[in-house]
Amino acid sequence: MPDADIATGTTRRRVLQGLGAGALTLGAGRALGADVRLPLPSDPRDRPMTGAFPQKGSMILQRTRPPLLETPFEVFDQGVFTPNDRFFVRWHWAVIPESVDAAAFRLAVRGNVERPLSLSLEDVLNLPSVELAAVNQCSGNSRGLFEPRIAGGQWDNGAMGNAKWVGVRLKDVLDRAGVKAGSVAVRFNGLDEPVVPDAPDFMKSLDLDHARDGEVMIAYRMNGEQLPLLNGFPLRLIVPGWYSTYWVKMLSDIEVLDKPDESFWMKTAYRIPDTPHASVRPGETGFPTVPINRMVPRSWFTGLANGAKVKAGASAPLRGIALGGDRGVKAVDVSTDGGATWAAAKLGADEGTYSFRRWTFDGAAAPAAGGKLEALVRCTNADDVVQPILQPWNPGGFMRNGVETLDLTAA
Amino acid sequence: MQISFGTVAFGVVVAAALTLAIVGSPDERGRRQVAETRAAAVAAAAEAAAPKTASADGVTLTSVSFTLPTSDREYPAGPHADAINGNCLSCHSAGMVLTQPELSRAEWQGEVNKMVKVYKAPVSPEDAAAVVEYLAQLKPGR
């Protein structure tokens, strides 16, 4: 009875609107979109800022329901870790629990296991804890910057964040349940649900060996606090070095599978071309695809934005952040001659393989006579994977990682 | 559906008031009983009002309860706006569509097909065609 179900969703929405007459209802009675202009290649570029979401500060509103909240880029200049109240938010389905009872919550571990488990949060907290810094980046971060443009969440570069995660090893939880021989994958589900029950519930899976690598963890703390509701309270899967789609929020169900996961979010959605740099020509069809997986290196300028003025005849104060992807940052290099030559930037403290790393560069001389200064920044990771100068393209708008350019004016 | 802490606390206070009404007694012993009962009710209400927690190994996780913002933004007026407003606000707010770049009719047709066939949006074929018509005329951001 899909008609009845969608009517329920509509009714619920109207009820919430009734409750929220005013403060909770966004966008009532005014034109939207004048607060921030994102540097996208074409309209619409304007977005409202919002401070209306629980446990969140000022965020770029990409979509109210289900929420897509982007971190304003200046936050990445303020420190290598992203504050919880500025950390980006992305949900697929609109039925998101608004209350979570820490005493009643249970995490199920089931499927092809010797001993199915129903773990309370106390059970989870009593397992050995581990801490890891890791960047959580949306597969479609920066999708709005692709040309040709691609349908989907029109993010600038702020669908990412870095946090110190504390939790328990997924391996320890799986060992407690006893994975049976013949198991091949582990599937993860959270408390969110589609509005239409027939729609594919959001679930993701990892190969068993990956799930048991000792790094994949179930986090209950983020930057020293419990997770914000919208970032997955009380438990979230952390898959270091892999895109955020695998980092299942409000993790409530772990299912060990004895055959590969054939469900929608693995078999059909979040697929990338199985080609170098996941690159295809716009319009190309017939290429093989694989599930999106490891992150690739990226680097950004922070502090100075395109069009900023710097002092003529002085060294431009270039700085930013870099991400190695599934390996650590080996080097960050800057070019001021369009990529013909590169010079090493100075790297900041190493917070771990999967963390952002700060960089600074004082070798970019702004012309004494004034004029333009163009700088490029490029990250090389510990596997010697380098950011491409020319941005590859894929139909999902995933994995953007081309070299970033900063245009400055010396005066 | 979770019962909010406020509801639980309210229930405890109501129960305490009923208890007071029943226990109420004019003599000294009765007054003491009333006072004790009232103190117990206040303590129970405070406990019920306090968020439930899970603690172990020096870490405490505290229950949370919020109301997420919603949106009353509708699609700009135009031919077939009723079709998109009637079919496309249940699962996602209009901002999802109104932040999209200008897409071709074929791309919009693909998006609507995905919503109906993959995401099971219960939209009639007539309304789906009207929604595609609306989207093909959309000039986002202008």
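Residues numbered from 1 in each chain as written. Chains lettered and ligands numbered in written order. Predicted model: local features only at pLDDT ≥ 70, side-chain atom pairs only at ≥ 80, totals over all residues. Heavy atoms only, no water.

A.B. asks: Where do I start with the pattern of salt bridges in this structure?
C.D. replies: Opposite charge on two side chains lets them pair, provided their charged atoms get close. Residues and elements named next belong to chain A. Counted by the stated rule, this structure contains 21 salt bridges over all chains. Its salt-bridge partner being Asp 77, residue Arg 319 comes within 2.8 Å of it at the nearest N-O pair. Placement of Arg 319 in strand β23 (residues 318-323) and of Asp 77 in the loop between β6 (68-70) and β7 (89-90) is noted, with a sequence separation of 242 residues between them. Exposure remark for Arg 319: the relative accessible area of 30% places this residue in the partly exposed category. Notably, a salt bridge pairs Asp 261 with Arg 187, separated by 2.8 Å at the nearest N-O pair. Here Asp 261 is found in the loop between β18 (251-257) and α5 (264-267), whereas its partner Arg 187 is found in strand β13 (residues 185-190), with 74 residues between them in sequence. (Salt bridge = Lys/Arg side-chain N within 4 Å of Asp/Glu carboxyl O. Helix = DSSP H or I, 4+ residues; strand = E, 2+ residues; numbered from the N terminus. Buried < 20%, exposed > 50% of the residue type's maximum accessible area, 1.4 Å probe, protein only.)

A.B. asks: So what exactly am I meant to see when it comes to the packing of aromatic side chains here?
C.D. replies: Aromatic rings in a pair are described by how distant their centres are and how their planes are angled relative to each other. The full count for this structure, using the stated rule, is 19 aromatic pairs over all chains. Aromatic side chains A:Trp265 and B:Tyr119 sit 6.0 Å apart centroid to centroid with 15° between the ring planes, which places their arrangement in the stacked category. With one member in each of two chains, A:Trp265 in helix α5 and B:Tyr119 in the loop between α5 (105-118) and α6 (125-137) form a pair that bridges those chains. There is no split in this pair, since A:Trp265 and B:Tyr119 are both buried. Taking 5.6 Å as the distance between ring centres and 75° as the angle between the ring planes, the aromatic pair formed by A:Phe301 and A:Trp359 counts as edge-to-face. With A:Phe301 in strand β21 (residues 298-301) and A:Trp359 in strand β27 (residues 356-361), this residue pair connects regions lying 58 residues apart in the sequence. Using a relative accessible area of 9% as the deciding quantity, one classes A:Phe301 as buried. (Phe/Tyr/Trp six-rings, centres within 6.5 Å; stacked < 30°, edge-to-face > 60°.)

A.B. asks: Explain the nonpolar core here, please?
C.D. replies: As a rule of thumb, soluble globular proteins bury nonpolar side chains together. Judged by nonpolar contacts, the single largest core of 101 residues is most densely connected at A:Trp165, A:Ile218 and A:Ile254. Core analysis: the second largest hydrophobic core is formed by 22 residues, A:Leu304, A:Ala364, A:Ala366 and A:Val377 among them. (Core = buried A, V, L, I, M, F, W, Y, C linked by side-chain atoms within 4.5 Å.)

A.B. asks: Looking at this structure, how should I read unusual backbone geometry?
C.D. replies: Only a minority of non-glycine residues have a phi that is not negative, and only a minority of peptide bonds are not trans. Residue and element names in this part refer to chain A. The peptide bond linking Asp 43 to Pro 44 adopts the cis configuration, its omega dihedral lying at -5°. The residue Pro 44 is located in the loop between β2 (36-37) and β3 (46-47) in this model. In this model, Asp 384 sits at a positive phi of 65°, which is unusual for a non-glycine residue. In this structure, Asp 384 sits in the loop between β28 (371-381) and β29 (404-410).

A.B. asks: Help me understand empty space enclosed by the protein in this model?
C.D. replies: The gaps of empty space that remain are located by a probe, the size of a water molecule, rolled over the atoms. All names here are of chain A. The tally for this structure, following the rule as stated, stands at six cavities of 30 Å³ or more. Estimates place the volume of the largest cavity at around 140 Å³. Along the walls of the largest cavity sit 17 residues, with Arg 90, Arg 236, Ser 244, Thr 245 and Lys 249 positioned nearest its centre. Grouping the amino acids of the lining of the largest cavity by side-chain chemistry returns eight nonpolar, six polar and three charged. (1 Å grid on protein atoms, 1.4 Å probe; cavity = no way out; pocket = protein on both sides within 12 Å on 5 of 7 lines; lining within 4 Å. Points joined across faces, edges and corners; volume = space filled by probe spheres on them. Nonpolar A, V, L, I, M, F, W, Y, C, P; charged D, E, K, R; others polar.)

A.B. asks: For this particular structure, what's the right way to read the sheet that holds strand β5 (residues 59-63) of chain A?
C.D. replies: Sheets are built from strands that pair by backbone hydrogen bonding, the pairs being arranged parallel or antiparallel. All names here are of chain A. As summarised here, the arrangement of the four strands in space is β4-β5-β6-β7, forming an open sheet in which the pairing is antiparallel. Among the strands making up the open sheet, the edge pair consists of β4 (49-50) and β7. In this sheet, β7 lies alongside β6 in antiparallel orientation, the contact comprising two bridges. Note that in β7 the partner of Leu 69 across the bridge is Val 89. (Pairing = 2+ DSSP bridges.)

A.B. asks: Can you help me understand the confidence of the model for chain A in this one?
C.D. replies: Atom-level detail of predicted coordinates should not be read off regions where pLDDT is low. Residue and element names in this part refer to chain A. Looking at chain A, the pLDDT average stands at 92 and 92% of residues meet or exceed 70. Across chain A, element-level confidence peaks in strand β17 (residues 236-238) with a mean pLDDT of 99 and bottoms out in helix α1 (residues 2-19) with 31. Below a pLDDT of 50 lies the segment residues 1-24, which in the model reaches 30 contacts outside its immediate sequence neighbourhood of four places, other chains included. Here residues 27-33 is a poorly scored stretch, pLDDT under 50, and it has 10 contacts once near neighbours within four places are set aside; other chains count. (pLDDT = per-residue confidence, 0-100. Contact = heavy atoms within 4.5 Å.)

A.B. asks: For this particular structure, what's the right way to read the interface of chain A and chain B?
C.D. replies: How large an interface is tends to be reported as the accessible area lost when its parts come together. Chain A puts 59 residues into the contact, and the matching count from chain B is 42 residues. Roughly 4700 Å² is buried in total at the junction of chain A and chain B, and carbon and sulfur atoms are behind 63% of that figure. When the area that chain A buries against chain B is broken down by residue, the three leading residues are A:Pro44, A:Glu98 and A:Leu125, summing to 12%. Remark: the boundary between chain A and chain B carries one salt bridge. Where A:Asp101 meets B:Lys52, a salt bridge forms, and the shortest distance between an N and an O atom there is 3.9 Å. If you look at where chain A meets chain B, you find 11 residue pairs in polar contact (both at pLDDT 80 or more). Put simply, the parts of the chain that give the side of chain A that touches chain B at least two residues each are α1, β1 (25-26), β5, β8 (99-100), α2 (121-125), β15 (217-222) and α5 of chain A. Looking at the side of chain A that touches chain B element by element, the count peaks at seven residues for α1(A). (Buried area = accessible area lost by both parts, 1.4 Å probe. Polar contact = N/O pair within 3.5 Å; in protein donor to acceptor, adjacent residues only side chain to side chain.)

A.B. asks: Even after reading the chapter, I still don't get helix α3 (residues 170-177) of chain A, so can you show me in this structure?
C.D. replies: Spacing of three or four residues puts side chains on the same side of an α-helix, whose turn is 3.6 residues. Those residues of α3(A) that fall on the buried side of the exposure criterion are A:Leu170, A:Asp172, A:Val173, A:Leu174 and A:Ala177. Once α3(A) finishes, A:Gly178 follows within two positions and takes phi at roughly 75°, a positive value.

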